[in-house]
Every structure is written in structure tokens, then in C-alpha cells.
Amino acid sequence: MNQSLVYLNGEYMPLKDAKISVLDRGFLFGDGVYEVIPAYKGELFYFSDHVKRLQHSLQRISLEIAYDSAKWQNILTPLLDKNRNQAIYLQVTRGVAAKRDHVFPEIITPTIFAMANDIQPLDSIQAGIKAVTLDDSRWGLCDVKATTLLANVLLKQQASTQQCAEAILIKDGNAIEGAASNLFVILNNTLITPPKSSKILAGITRQIILELARANGLEVHEREITLAELQIADEIWLTSSTREIMPVIHLDGNPVAAGKVGSIWQQMNTWFQNNKTPTL
Ligand code: PDD
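All figures in this text were calculated on a predicted structure; none of them were measured in a lab.

A.B. asks: Any chance you could explain the overall build of the chain here in plain terms?
C.D. replies: Scanning the chain from N- to C-terminus turns up eight helices and 16 strands. Against the globule reference of 19 Å for 280 residues, the chain gives a C-alpha radius of gyration of 19 Å, in line with a compact fold. Residues classed as buried in the chain amount to 50% of the 280 residues present. Considering only contacts within the chain whose residues lie at least 6 apart along the sequence, 71% involve residues at least 24 apart. Summing over all exposed atoms, the chain offers an accessible surface of approximately 13,500 Å²; the carbon and sulfur share of this is 52%. For the chain, the separation between the mean place of its 26 positive charges and that of its 29 negative charges on side chains is 3 Å.

Pasting the structure below:
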């Protein structure tokens, strides 16, 4: 399908024709949730896990939508292109209310929007990125993939002004996750990532990496990572659906170990690429 076609509330249309009301609660309050789902050559990647996470987010904000995985797939399929690697953006808000009021309206018609964008080439990222540590200024429901992303936007912008591709967020002396990614470190040949909780988003890429590590005999621990451990890590990775596994080679202006992409990252990235079927 033409890249510029998007889905809005039951219809497909050119992006320029997709319009919502200024009274949409997504616009007024950021009262909505979203998913970003990779699709390689027209095949949605780990789709049922993304749907499960969407259902978790919807349930956490008390927004009921009785769509199953097949229904979501029917909505998204016309946006897919067999010749491209795409990131599908899917957003659900609590819809339009008669007036601005924090309290939910009695009758809710959710706004459902989806679009597809090409996944950008990852070569420069995979050569290694710079990251900066910043205080985690986000709210207490980070397991919800909420569109309310102002804290993440400000943190990412602060990283960007310091020529860094990502911010690693610090809370109570622990490294939590990136502003738009999950965190892994290698210490003594062991892979460590913070455990699932309301402090992090349960990333699908995180889950895939844990599966691949366990299947291939790499020792894994899901536990807190202190800032001190982050600073002496042999490797640091940040992961997301659109950027896959980003090796961090500079942290706060200092090289991470030798300041080069690590050997365990090379191995994990090979497992990850082989697990992506089909690939372009
Ligand atoms: N963000 N943590 C946060 C805060 C994120 O925003 C994301 C992804 C992740 C990684 O999740 P996954 O592996 O399922 O993509 C972790 C998406 C890509 C975004 O907001 O665009």
C-alpha cells in the first residue's frame, strides 16, 4: 500500500486527510497509549507480544477495547509493504469528549490511528553510540506505553544537545532504562538487565534478547544495575523495536571499556539478525 496512507477510525486515507478533533483527550491530556511494531518485508515481528502489551497498557488506563489479535492484524495489514522494513505506529486514545474535563466521559468512543514509516538504516548506530546519564524525571507508571511522553521528550532532547543518541535514566542510584529503550550491561561475561516493574517498559526487543541469551547459554540476570556498575561495565546496550540493539561506546564523555563495540554485542547481534525472518 502507498506509504502515505494511514488508518483512522475505520478508514484508510492519505496522511494529509487524517484529522482529529481538538477535544480529543489524546490531544488535551495525552490520555492514550501506543505501540511501535516492526514489520520486515510485510511480516509483523513478534506481533502477538505487541498486542499483549497493548492490552496491558489499555487495561492499566481503564480503556476497554474488545479487539483480539486478529482484529488488530486486519487493521494493520493494509499498511504493510512487502518491499520495505517498516515501523508501524498504532495509537489509541480515550476519544473526543463534549468538554475538557479530567474525569472520563460516560460514553467513550476511542480514537484509533495507525501509520507505517520506513525503519531507518542502522549502520551508524551499530558502529556505536554515545549516551549520557540523566535523572529519571518520569512518572510511576512506566510499564504503560502511554503517549504522555513529555518527560521522555525533554530527556532525549537534553541528550541530543550533548551530541548523545540516548539518555540512560538514573533513579535511586540505579540505571533504569533509556528514554526510549531498555538497558543491558555485560559484567564478567554475564548479561544483566533490570527486572520488569512499573519503573520500566517491558520491551519486546528486551524479551527477544533474553530468549536468545538463554537459548544460546549466555548467563543472564534480571536485577537492578547500580550507576557504579554501569560506569565499569564491559559493554552497555540499549534496545528498541526500531533501533534493535544499540552498542554504547561512550558514556558521559568516557569510553565504555575499550571504547569499541564489544564482542558479546557482535554475537548477540548475529543471533538477533538470524532470528529476524524474513529480512531485507
Ligand atoms: N520505544 N523503554 C521505553 C521507555 C521505550 O519508549 C521503548 C520503545 C522501549 C523498548 O521497547 P520495544 O523493544 O518494545 O520497542 C523501552 C518506542 C520504539 C518508541 O517510543 O518509539
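Back to the write-up after that little detour.
A.B. asks: Honestly, the layout of surface pockets in this entry has me stumped. Any pointers?
C.D. replies: Where empty space is left becomes clear once a probe the size of a water molecule has been rolled over the atoms. The volume enclosed by the largest pocket comes to roughly 960 Å³. Surrounding the largest pocket, 43 residues form its lining, Tyr-34, Val-36, Lys-145, Ala-179 and Ala-180 being those nearest its centre. Broken down by secondary-structure element, the contributors of at least two residues to the lining of the largest pocket are β3 (32-40), β5 (85-93), β6 (111-118), α5 (150-161), β9 (174-178), α6 (204-215) and β14 (235-240). The greatest single-element share of the lining of the largest pocket, amounting to five residues, is contributed by α5. Considering only residue class, the lining of the largest pocket consists of 22 nonpolar, 13 polar and eight charged. Two domains share the lining of the largest pocket, each providing at least three of its residues, namely domain 1 (5-118) and domain 2 (123-274).

A.B. asks: Which parts of the structure should I look at to understand the sheet that holds β3?
C.D. replies: Strand pairing in a sheet takes place through backbone hydrogen bonds and is either antiparallel or parallel in direction. Taking strand neighbours across the sheet as the criterion, the six strands line up as β2-β1-β6-β5-β3-β4 in an open arrangement whose pairing is antiparallel. Among the strands making up the open sheet, the edge pair consists of β2 (11-14) and β4 (43-44). Looking at chain direction, β3 and β5 are connected through nine bridges and run antiparallel. The residue of β5 that forms the bridge with Gly-32 is Thr-93. Across the sheet, helix α3 (residues 69-76) lies against β1 (5-8), β2, β3, β4, β5 and β6, angled at about 120 degrees from β5, the strand it touches most.

A.B. asks: Sorry, what's going on with the site of the ligand here?
C.D. replies: Taken together, 19 residues lie around the ligand, and Tyr-34, Arg-53, Glu-177, Thr-205 and Ser-241 are the ones closest in. A distance of 2.7 Å is found between an oxygen atom of the ligand and a side-chain nitrogen or oxygen belonging to Arg-53. Ile-204 places a polar main-chain atom, nitrogen or oxygen, 2.8 Å from an oxygen atom of the ligand. Here the ligand loses 88% of its free accessible area of 470 Å² to cover by the protein chains. The cavity where the ligand resides is the largest pocket. For the shell around the ligand, the secondary structure elements donating two or more residues are β3, β9, α6 and β14. Here the shell around the ligand is built from residues that sort into six nonpolar, nine polar and four charged. Looking at the shell around the ligand, you find at least three residues from each of domain 1 (5-118) and domain 2 (123-274).

A.B. asks: Any chance you could explain a nonpolar patch on the surface here in plain terms?
C.D. replies: On the surface, Ile-20, Val-22 and Phe-27 cluster together to form a nonpolar patch covering roughly 330 Å² of accessible area. Position of Phe-27 among the secondary structure elements: in helix α1 (residues 25-29).

A.B. asks: Before we go on, may I ask you to explain the pattern of salt bridges in this structure?
C.D. replies: This structure, assessed with the given rule, holds 15 salt bridges. Residues participating in the shared-partner salt-bridge network are Arg-25, Asp-31 and Arg-94.

A.B. asks: In this structure, what is going on with the side chain of Glu-177? I would like to understand it.
C.D. replies: By the element assignment, Glu-177 lies in strand β9. Those residues in contact with Glu-177 that sit more than four places away from it in its chain are Arg-138, Cys-142, Ala-167, Ile-168, Leu-169, Asn-182, Leu-183, Lys-199, Ile-200 and Leu-201.

A.B. asks: Looking at this structure, how should I read the packing of aromatic side chains?
C.D. replies: One pair of aromatic rings is described through two measures. These are the centre distance and the angle between the planes. With the rule as written, the count across this model stands at seven aromatic pairs. Arranged with centres 6.4 Å apart and planes meeting at 75 degrees, the rings of Phe-45 and Phe-272 form a pair that is edge-to-face. One end of the pair, Phe-45, is in the loop between β4 and α2 (47-60); the other, Phe-272, is in helix α8 (residues 263-275), and 227 residues separate them in sequence. For the pair formed by Phe-45 and Phe-272, the shared burial category is buried. Put simply, the rings of Tyr-40, Phe-45, Tyr-46 and Phe-272 pair up and form one aromatic cluster.

A.B. asks: It is not clear to me how the environment of Ala-202 should be interpreted in this structure. Could you clarify?
C.D. replies: Checked against the element boundaries, Ala-202 lands in the loop between β11 (190-193) and α6. Assessed through its relative accessible area of 26%, Ala-202 is described here as partly exposed. Beyond its immediate stretch of four places on either side in the chain, Ala-202 contacts Arg-53 and Lys-196.

Cut-offs and rules
Residues numbered from 1 in each chain as written. Predicted model: local features only at pLDDT ≥ 70, side-chain atom pairs only at ≥ 80, totals over all residues. Heavy atoms only, no water. Helix = DSSP H or I, 4+ residues; strand = E, 2+ residues; numbered from the N terminus. Rg over C-alpha atoms; globule rule 2.2 N^0.38 Å. Buried < 20%, exposed > 50% of the residue type's maximum accessible area, 1.4 Å probe, protein only. Contact = heavy atoms within 4.5 Å. Areas by Shrake-Rupley, 256 points an atom, 1.4 Å probe, with all protein chains shown as cover. Lys, Arg positive; Asp, Glu negative; His and termini not counted. Charge placed at Lys NZ, Arg CZ, Asp CG, Glu CD. 1 Å grid on protein atoms, 1.4 Å probe; cavity = no way out; pocket = protein on both sides within 12 Å on 5 of 7 lines; lining within 4 Å. Points joined across faces, edges and corners; volume = space filled by probe spheres on them. Nonpolar A, V, L, I, M, F, W, Y, C, P; charged D, E, K, R; others polar. Domains from an automatic or database assignment. Pairing = 2+ DSSP bridges. Axes fitted to C-alpha atoms, helices over the stretch in contact; angles between N-to-C directions. Near = heavy atom within 4 Å. Polar contact = N/O pair within 3.5 Å; in protein donor to acceptor, adjacent residues only side chain to side chain. Sits in = over half its atoms within 2 Å of the grid points. Patch = residues over 30% accessible without salt bridge, like charges linked within 9 Å, V, L, I, M, F, W, Y side chains within 5 Å. Salt bridge = Lys/Arg side-chain N within 4 Å of Asp/Glu carboxyl O. Phe/Tyr/Trp six-rings, centres within 6.5 Å; stacked < 30°, edge-to-face > 60°.

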